[in-house]
Amino acid sequence: MRRFDLGINERLLTDLNQSQIDAVTYLKGPQIILAGAGSGKTRVLTRKLAWLVSCGGYSPWDILAVTFTNRAAAEMRSRVEEILGMSVRGMWVCTFHSACLRILRTCHIEAGLSDNFVVYDANDSLDAVKEALKSLSSRGSDALESGVKPGDIQARISMAKSRLITPETFQQQGDELYDELTEEVFSGYEACLARNNALDFDDLICRAIRLLRSNEKILQRYRGKFKYILVDEFQDTNIAQYEFVSLLCEGHKRICVVGDDDQSIYSWRGAMPGNMMDFIGRFGSLEGSQELKVSQLLENYRSTSAILQASHDVISQNLMRTKMDPLIPMRGDGEMPLHYIAASEREEAAFVTTTIDWLIREHDYCLDDFAIFYRTHAQSRGLEESFLRRGIPYRVVRGVAFYSRAEVKDIFAYLKIFVNPEDDLALKRIINVPTRKIGKTTIGKMETAAAASGLSLYSWLLAGGHVKSLPKKAVEAVSAFLEFLQFQMERSRTLPLAEFFSDFMDDLGYARQLKNSVKPEDRQRAENLDELITIVQEYSHISASIADDSHAADSSGALSSAVDYDDSLFFRTVSEGLQGFLQYVSLVSDADFLDSEMGLEPEPGIMERGSVSMMSVHSAKGLEFKAVFMIGMEEELFPHFNCMSTAEAIDEERRLCYVAMTRARDRLFLTSTVSRRIYGKKTNPSTSRFLMEIDSEHIIQEYSRALRWMQDW
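All of these numbers come straight from a predicted model, not from anything done at the bench. Residue numbers restart at each chain and count upward from 1, following the sequence in its written direction. Only residues with pLDDT of at least 70 are given local features in this predicted model, and only at 80 or more are side-chain atom pairs given and counted; all residues enter the totals for whole chains, interfaces and linings. No hydrogens and no water enter the side-chain calculation; it runs on all heavy atoms of the structure.

1. Regarding the overall build of the protein
And step 1. A tally of helices and strands in the protein yields 31 helices and 19 strands.
And step 2. Using a 1.4 Å probe on the protein chains alone, a residue whose accessible area is under 20% of its type maximum counts as buried, one over 50% counts as exposed, and one in between counts as partly exposed. Counting across all 713 residues of the protein, residues that qualify as buried make up 54%.
And step 3. Throughout, the Shrake-Rupley method with a 1.4 Å probe supplies accessible areas, and for residues the shown protein chains are the sole cover considered. Here the protein has roughly 31500 Å² of accessible surface; of this, 49% comes from carbon and sulfur atoms. Here a helix means four or more residues in a row that DSSP labels H or I, a strand means two or more in a row labelled E, and each is numbered from the N terminus.

In structure tokens form, the structure reads like this:
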């Protein structure tokens, strides 16, 4: 019998509530812990691992604990070691990929692999897809000419592997995943990996499953080794990950999964929220020592009762979910969530900045206490400009500031060329964007030849230098690009800015190409490009208004002007037209210039008090803030127009909304507008259905001053 340190065991439980204690100490058979938002899930996980070792009779090397990120695994291991006061080096606390890689390294012969196989990262995998495309005969070359994106095919192959689909079974899939070209590339891609003695990340799990299914001896070895299995964030597992842990626990059934399907928001990368309900169905029929234990962590230590009531109103509309009881608030009633209805996106941004200033001045908040969530990255632009004009420090979390995003910088490189064609850096950036089959080698040759002749790259091209220096196909591609530039330059000088820019974007076809991609990140990039049209339209309207001195408020003084005082001062520093627009963008994207030149210096000490966090709602998972603003709560923004075609997609959008709402500790602000200019179009959006689902007694509704004036008038 192992002797246990009762002092440690007592300390493991002293600061836990009863439901947490029950979840930690149950060890008899399969267990699912339904961990609601803010319920202390991480604490329960680490205490359970420590309990297994200190009281459960398990050695560290008997345990497999899997999660989704190396950071989460390292943190979990560190906390367990701190609690136990000893190393748990033999315990497998790791990601799914790390666990599978370890098994494949150990059993590489049985898995049909060499001992020195390599693992391809996403970039290597993309190169292999490109290689497979090139190796196809006429179909491959035709596809490349017609603009097929290797990244789209890579995404389809990855999704297929997450569902344990092979090249041989790929054709059996529905239209959502299958297309004939991907089927051919899939086979060639697998052959390319084999030739290069390589596996991709998805293969690590797929090949480990194949090994365990085909080799009973190895399966029994690992079932015997892992006497207890714990899975974190189970709601985010895909088919392959679920199958992997199911195989390992099939004999002893000693598995504990922790999750909350109300927080499953990653179906676009293969996550299956239905795995939670399937687990209950699979293990719920067992009896005796293998009877399923369902533990609910309901006590919420993060949010006030008012915030939890509103968020429960939303998520309870989803029918396909494990039935958890409502969360129990442990922090009192608090302030009710506020739905602020603005006249426009500019007024929406003004509300956010004004409210932040008020809470800092009157309620002793600091900048780090605030987070702003948006459904699409394109929405960040208006707020970023508002913060920059007012000298409020901010940071874009797990993302890139709007004007620093690659696709946005690509477009501005074009615009710079139209104003100053001698800008070699800008020209080199966009000469093959979108792709024109002008490769790096060709660009290098042209750059060297232009430098040798003492000319800028554009002047060298204009003089016909490329005709003498390059092969025929390269000459054709470069000549077409040069012709495009000259045509757009001429139009930029003769057309009104907004009209020119809209036509230019249409002629370029960059956004159109991204919209046709199957990758979610490409569709977000396309939205950013569409948002540039909005920026140009706003700039054209306001700069013209200022030039005509027609921007002031009407005689009643009740309606706000097209721009407020600070905006007016800012816009007066620039002029109309493309050159003025470029100057404007250089100013709004340079906070240091604004602070020093515009008289918008932050108050003393504000920089020492942190910065406002801005992020997409997907990036908010796992975080919490004292005050949260959820902007753009409108139909087709949230829920997003790409996610409104099926009930399942709407359910995921609702889960995403729930996750965002439950990040707030003390205050929650939700904003919508009656008129919004976004993606280059002016719309009159309807209020998000998610706001309409909140009981009127659980939310306060407030109209902006301009809207109240119009209603009274």
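2. A look at the sheet that holds strand β11 (residues 338–342)
Backbone hydrogen bonds hold the strands of a sheet together, and the pairing may be parallel or antiparallel.
And step 1. Strand pairing is assigned whenever DSSP detects at least two bridges linking the two strands. Taken in spatial order, the seven strands make up an open sheet running β13-β14-β12-β15-β16-β11-β19, and their pairing is parallel. Two strands bound the open sheet, and with one partner strand each, they are β13 (394–396) and β19 (700–703). In this sheet, adjacent strand axes meet at a mean angle of 20° when their direction is disregarded.
And step 2. Two strands pair when backbone bridges link them, and strand β12 (residues 370–374) and strand β15 (residues 625–630) are joined in this way by four bridges, in the parallel orientation. Residue pairing across strands places A371 opposite V628, the latter belonging to β15.
And step 3. Contacts between helix α29 (residues 647–661) and the sheet are confined to β12, β15 and β16 (664–673), with β15 contributing the most and set at about 140° to the helix. Note on geometry: axes are lines fitted to C-alpha atoms, helical ones only across the stretch in contact, with angles between N-to-C directions running from 0 to 180 degrees. Contacts are residue-level and defined by heavy atoms, with any inter-residue pair within 4.5 Å sufficient.

3. Things to note about a positive patch on the surface
And step 1. Exposure above 30% relative accessible area and no salt bridge define the residues that can form patches, which grow by joining like charges within 9 Å and nonpolar side chains of Val, Leu, Ile, Met, Phe, Trp and Tyr within 5 Å. Any Lys or Arg side-chain nitrogen located within 4 Å of an Asp or Glu carboxyl oxygen qualifies as a salt bridge. We count Lys and Arg on the positive side and Asp and Glu on the negative side, and we leave His and both chain ends out. Lys charges are placed at NZ, Arg charges at CZ, Asp charges at CG and Glu charges at CD. Among the surface-exposed residues, K130, K134, K437, K440 and K473 lie close enough to one another that they form a single positively charged patch.
And step 2. Relative to the helices and strands, K437 resides in the loop between α18 (424–430) and α19 (440–452).

4. Brief notes about unusual backbone geometry
And step 1. Residue P434 is bonded to the preceding V433 through a cis peptide linkage, with omega at -10°.
And step 2. For P434, the location among the structural elements is in the loop between α18 and α19.
And step 3. Put simply, F638 and P639 share a cis peptide bond, and its omega is 10°.
And step 4. Positionally, P639 belongs in the loop between β15 and α29.
And step 5. Even without glycine at this site, E233 takes up a positive phi of about 50°.

5. Notes on the pairing of β16
And step 1. Among the 10 residues that make up β16, nine are buried, leaving the element largely enclosed by the rest of the structure.
And step 2. The pairing of β11 with β16 spans five bridges and is classified as parallel. Looking across to β16, one finds that I341 is bridged to S672.
And step 3. Bridge count for β15 against β16 is five bridges, and the pairing is parallel. When the sheet's bridge partners are listed, A627 is paired in β16 with R667.
And step 4. In this fold, the crossover linking β15 to β16 by way of α29 has right-handed handedness. Note on handedness: a clockwise path from strand one over the helix to strand two, with the strands aimed away from the viewer, defines a right-handed crossover.

6. Considering the confidence of the model for the protein
Low pLDDT marks stretches whose predicted atomic positions should not be read closely.
And step 1. On a scale of 0 to 100, pLDDT captures the predictor's confidence in every residue. Averaged over all residues, the pLDDT of the protein equals 84, while 86% of them reach at least 70.
And step 2. Confidence drops under a pLDDT of 50 for residues 549–574, and excluding neighbours within four residues, the segment shows 51 contacts in the predicted structure.
And step 3. Across residues 590–608, where pLDDT falls below 50, the model places 27 contacts with residues more than four positions away in sequence or in other chains.

7. Overview of helix α17 (residues 406–419)
And step 1. The terminal C-alpha atoms of α17 lie 20 Å apart, and with 14 residues this matches the ideal 20 Å at 1.5 Å per residue to within 8%.
And step 2. α17 sits mainly inside the fold: 10 of its 14 residues count as buried.
And step 3. Looking only at α17, the buried set comprises E407, V408, D410, I411, F412, A413, Y414, L415, I417 and F418. Helices are assigned an expected span. That span is 1.5 Å times one less than the residue count.

8. Brief notes about the nonpolar core
And step 1. Counting residues in each nonpolar core, the largest one holds 54 residues, and the members touching the most others are L415, M446, F501, F504 and F581.
And step 2. The element best represented in this core is helix α22 (residues 472–494), accounting for nine residues.
And step 3. Side-chain atoms within 4.5 Å are what join buried Ala, Val, Leu, Ile, Met, Phe, Trp, Tyr and Cys residues into a set we call a nonpolar core. In terms of nonpolar packing, the next biggest core, distinct from the first, is built from 49 residues, L34, A99, I229 and A240 among them.

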